[in-house]
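# A structural walkthrough
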Protein chains: 2
Amino acid sequence: MDVRQISEEVTARTKVDTTARDVEKVISCLSSSSHFWEIVCNAQKPFSVVAEIINALWERGFVSIEPNGEIAITQKGQEFIKEVSIAPRRDFTCPSCDGRGIAMDKIREWMQKFDELTVDRPKAIADYDQGYITTPTVMARVALMAERGDLEGKRLLVLGDDDLLSLAAAITKMPREIVVLEIDERLVDYINDRAQKLNLPVKAFKYDFRDSLPDQFVGSFDTFNTDPPETMEALEVCMTRGLSALSGEGCAGYFGLTRTESSLKKWNEFQQMLLSKFRVAITDIIDNFNHYVNWDYLLGSIRDDYSFIQVKPRLNWYRSSMYRIETVSGFGRIENKPMPCELYVDEEALIYKPEKTLTKA
Amino acid sequence: MDVRQISEEVTARTKVDTTARDVEKVISCLSSSSHFWEIVCNAQKPFSVVAEIINALWERGFVSIEPNGEIAITQKGQEFIKEVSIAPRRDFTCPSCDGRGIAMDKIREWMQKFDELTVDRPKAIADYDQGYITTPTVMARVALMAERGDLEGKRLLVLGDDDLLSLAAAITKMPREIVVLEIDERLVDYINDRAQKLNLPVKAFKYDFRDSLPDQFVGSFDTFNTDPPETMEALEVCMTRGLSALSGEGCAGYFGLTRTESSLKKWNEFQQMLLSKFRVAITDIIDNFNHYVNWDYLLGSIRDDYSFIQVKPRLNWYRSSMYRIETVSGFGRIENKPMPCELYVDEEALIYKPEKTLTKA
């Protein structure tokens, strides 16, 4: 057998271009973990690609699936790995900052405050494809904004906020004003309630980003933050709204983008769209910066045809890269009109079974 | 006075687009340091822009220049900063990894070996715009490659190697083969000598990247590494050579890009060129990853009209962001022909005085 043959099979099954090196990467991750969700996390390939590669290896007798869903490399698999000399995955992540590059000691007090403030936060629900980032992630994100000069004394727009980043930013007392635009009324109410009780400069409004940005928010912020759904259409709409809200040159946008719902081919398309359509530069892409808290509805919504997938994740497996973009000279007005679009479903973003696919939002 | 007015003045003097926010950023850095090179390092704006902003502030009496070249904010300056509420720069850099995200404990032994191996390394010389990265930088860069699966068992091309990254990579015993292409014969000889004495799988050849890539290297590597000169032309030539050397989809390129010699406007142009011309995605941009050892010829070559510049740097001030790019599906053959180009001189890359400008390479 040949990794190229597997890659072709997986491409046919998933409709996501899969290369021989993608197969090697998954095998490399299998050599250092037997837990499906850890392999997905480390392989940094679309979910369905990782699942089908593992299945293809199982069909060839290179891995076996234990009764508990763990994935073990067989004797035959070991021999193959040796033959084609695929090295096990190496990990050099800084243990102090989890690779984010942010000093944890400087944000620990804020983390504690954030946890206290949000102890009764709304649960992530499937209706809007929710899933929020961990406390170290949200505070590190705020610290990153502060370090880059995008927070203190600035006006911040948060576009979608199940992460409660607005409250995390407010805790630092740095921003002048924070506006949240969010589709989920539970979150709008929750954020406004917390802000009022603690006298924080945060205001949340109900908003569906497919609608045009309300006039009073156009061109009036220094910084935006968002975590877009990852179809190309949704990415474009999200960037259009965020950038429409910025006041000119030298402003910044922050958002996460995964490798689990977006192949690097989609990254290439997204980056091309971003740079050709808007006057921005990508200043930072920080791998694995954003860790998401596991959400309750995962196993109930996800495919159940492979037993190795129906396993409770034992780590915060869903991660994304932290992007920062900055507007450059020549940045100007952006067309602000309604943009109907498919938010959640494409071949790569499809984690859930079709019938469970989220269409309410 | 008004920051916008200063930004217009600086744009006229430097021919580099400078925004009001750029001026604010430099003022923010002045609030946390009085040392010119630290301000340049933190402001992340082109060298000449920072110099002219400081001069414009001095002309207005907002800063004074001490006899030792230190830059102090005057009473008038303090009042102004308060009036327009510019916050001092904040620093949240992880002290364990210097913000690189790489576990230093895992690379310390390699660092020691590298220092021993290269104790008599050739000095950086002006002829080829040299200036090499620190030992923690070079070993962290190698670790990053290893973590991303781009080093172990792979063929690595190093395009220009005053950093001696080839030897650093060889120390880990991970790469299958390393080829260095370098214009400076001192370095070619030094690397070959070290490699031979220690039986390392490294071979260095003399090469000017304006010439087409020798046939035997086309399409034959998994990974390339380079540190391009930062005119747009040189960036394009460098990417063309590096990518021509890669063998297909899923291969990677590593290189540094500064904010000191390239404005974000140039970053935007460079990123657009990269993504539209080649089938790659940018997977990582790690801010301030690369620190360069101060080079002897700096103060002798640099402008001497402002006394605050003619000060010996007390930190490794010259830094760059670490880029990683990956080839995606559809990546194919790239035209490989001679590309004569301006390597060192444009408005932004111009650190040195015109008459000292490097033209030999």
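Residues numbered from 1 in each chain as written. Chains lettered and ligands numbered in written order. Predicted model: local features only at pLDDT ≥ 70, side-chain atom pairs only at ≥ 80, totals over all residues. Heavy atoms only, no water.

When chain B is fitted onto chain A, the two copies agree to an RMSD of 0.0 Å after a turn of 180 degrees and an axial shift of 0.0 Å. Overall, the copies show the geometry of a two-fold rotation axis. Mapped onto chain A, 100% of the interface residues of chain B again fall at the interface, so both copies present the same surface. (Least-squares fit on C-alpha atoms with pLDDT ≥ 70 in both. Contact = heavy atoms within 4.5 Å.)

Residue and element names in this part refer to chain A. Here the domain parsing of chain A yields domain 1 (3-84) and domain 2 (104-327). Between the C-alpha centres of domain 1 and domain 2 there is a distance of 31 Å. Taken together, the 23 residues of domain 1 in the interface contact 22 residues of domain 2. Approximately 2,000 Å² of surface area, both sides summed, lies buried where domain 1 meets domain 2, with 62% of it carried by carbon and sulfur atoms. Linking domain 1 with domain 2 are three salt bridges, by the criterion used here. Among the ionic pairs, Asp17 bridges to Lys265, the shortest N-O distance being 3.1 Å. Viewed at the interface, domain 2 and domain 1 are joined by nine residue pairs in polar contact (both at pLDDT 80 or more). Looking at the side of domain 1 that touches domain 2, the elements that each hand over two or more residues are helix 3 (36-43) and helix 4 (47-59). When its residues are assigned to classes, the side of domain 1 that touches domain 2 shows eleven nonpolar, six polar and six charged. (Domains from an automatic or database assignment. Buried area = accessible area lost by both parts, 1.4 Å probe. Salt bridge = Lys/Arg side-chain N within 4 Å of Asp/Glu carboxyl O. Polar contact = N/O pair within 3.5 Å; in protein donor to acceptor, adjacent residues only side chain to side chain. Helix = DSSP H or I, 4+ residues; strand = E, 2+ residues; numbered from the N terminus. Nonpolar A, V, L, I, M, F, W, Y, C, P; charged D, E, K, R; others polar.)

All names here are of chain A. Per-chain confidence: chain A averages 93 in pLDDT, with 96% of residues scoring 70 or above. Segment residues 354-361: pLDDT under 50, and 17 contacts once partners within four positions in sequence are set aside and those in other chains are kept. Reported confidences for the modelled complex are a pTM of 0.95 and an ipTM of 0.95. (pLDDT = per-residue confidence, 0-100.)

We now examine the packing of helix 2 (residues 20-30) of chain A against helix 3 of chain A. All names here are of chain A. Put simply, helix 2 and helix 3 touch, their axes get as near as 9 Å, and they point 135 degrees apart. One element, helix 2, and the other, helix 3, form an angle in the oblique class. The handedness of the crossing between helix 2 and helix 3 comes out as right-handed. In this structure, helix 2 contributes Lys25, Val26, Cys29 and Leu30 to the contact, and helix 3 contributes Ile39, Asn42 and Ala43. Within the contact of helix 2 with helix 3, the residues separate by chemical class into five nonpolar, one polar and one charged. (Axes fitted to C-alpha atoms, helices over the stretch in contact; angles between N-to-C directions. Parallel < 35°, antiparallel > 145°, perpendicular 65-115°, else oblique. Left-handed = near helix turned anticlockwise from the far one by under 90°.)

Next up on the list: the pairing of strand 6 (residues 223-226) of chain A. Residue and element names in this part refer to chain A. What you see with strand 6 is no split at all: Thr223 and Asn225 on one side and Phe224 and Thr226 on the other are buried throughout. Taken together, the four bridges between strand 3 (residues 155-159) and strand 6 define a ladder with parallel strand orientation. Looking at the pairing, Leu157 lines up with Phe224 of strand 6. Relative to strand 7 (residues 252-257), strand 6 runs parallel, the two being bridged by four bridges. Residue Asn225 lies in a different strand from strand 7, and its bridge partner there is Tyr254. A crossover links strand 6 with its parallel partner strand 7, the connecting element being helix 10 (residues 232-244), and its sense is right-handed. (Buried < 20%, exposed > 50% of the residue type's maximum accessible area, 1.4 Å probe, protein only. Pairing = 2+ DSSP bridges. Right-handed = clockwise from strand over helix to strand, strands pointing away.)

Turning next to the state of the cysteines. Applying the stated criterion across every chain, the model contains zero disulfides over all chains. Unpaired in this structure, Cys341 of chain A has its nearest cysteine sulfur neighbour in Cys238 of chain A, at a distance of 8.6 Å. (Disulfide = S-S within 2.5 Å.)

Before going further, it helps to examine the packing of aromatic side chains. One pass over the structure, following the stated rule, counts 38 aromatic pairs over all chains. Measuring from ring centre to ring centre gives 5.4 Å for Phe36 of chain A and Phe308 of chain A, while their planes differ by 55 degrees; the resulting arrangement is tilted. Note that Phe36 of chain A is positioned in helix 3 and Phe308 of chain A in the loop between helix 12 (298-301) and strand 9 (319-327), a separation of 272 residues in sequence. Phe36 of chain A sits in the buried class, given a relative accessible area of 1%. Phe308 of chain A sits in the buried class, given a relative accessible area of 3%. Arranged with centres 5.9 Å apart and planes meeting at 75 degrees, the rings of Phe270 of chain B and Tyr323 of chain B form a pair that is edge-to-face. Taken together, the residues span a long stretch of sequence, with Phe270 of chain B in helix 11 (residues 264-277) and Tyr323 of chain B in strand 9 (residues 319-327) at a distance of 53 residues. Here the aromatic cluster, defined as three or more aromatic residues joined through ring pairs, consists of Phe36, Trp37, Phe47, Tyr292, Trp295, Tyr297, Tyr306, Phe308, Trp317 and Tyr318 of chain A. The aromatic ring of Phe289 of chain A is capped on one face by Arg100 of chain A, whose charged end is 5.8 Å from the ring centroid. (Phe/Tyr/Trp six-rings, centres within 6.5 Å; stacked < 30°, edge-to-face > 60°. Lys NZ or Arg CZ within 6 Å of the ring centre and 35° of its normal.)

What follows is about unusual backbone geometry. All names here are of chain A. Phi angles above zero are rare outside glycine, and Asn199 is one such case at about 55 degrees. Mapped onto the secondary structure, Asn199 falls in the loop between helix 9 (185-198) and strand 5 (202-206). Overall, Asn199 belongs to the exposed group, its relative accessible area being 70%.

This part is about the interface of chain B and chain A. Each partner contributes to the interface: chain B provides 58 residues, whereas chain A provides 58 residues. Surface buried jointly by chain B and chain A totals about 4,900 Å² across both partners, of which 50% is contributed by carbon and sulfur atoms. Per-residue buried area on chain B facing chain A is highest for Arg21, Phe92 and Glu147 of chain B; these three make up 17% of the total on that side. If you look at where chain B meets chain A, you find nine salt bridges. One salt bridge connects Lys154 of chain A with Glu24 of chain B, and the closest N-O pair in it is separated by 4.0 Å. The tally of links between chain B and chain A comes to 28 residue pairs in polar contact (both at pLDDT 80 or more). Among the elements of the structure, helix 2 (20-30), helix 7 (135-147), helix 11, strand 8 (280-291) and strand 9 of chain B are those that each provide at least two residues to the side of chain B that touches chain A. Of all the elements, helix 11 of chain B adds the most residues to the side of chain B that touches chain A, at eight residues.

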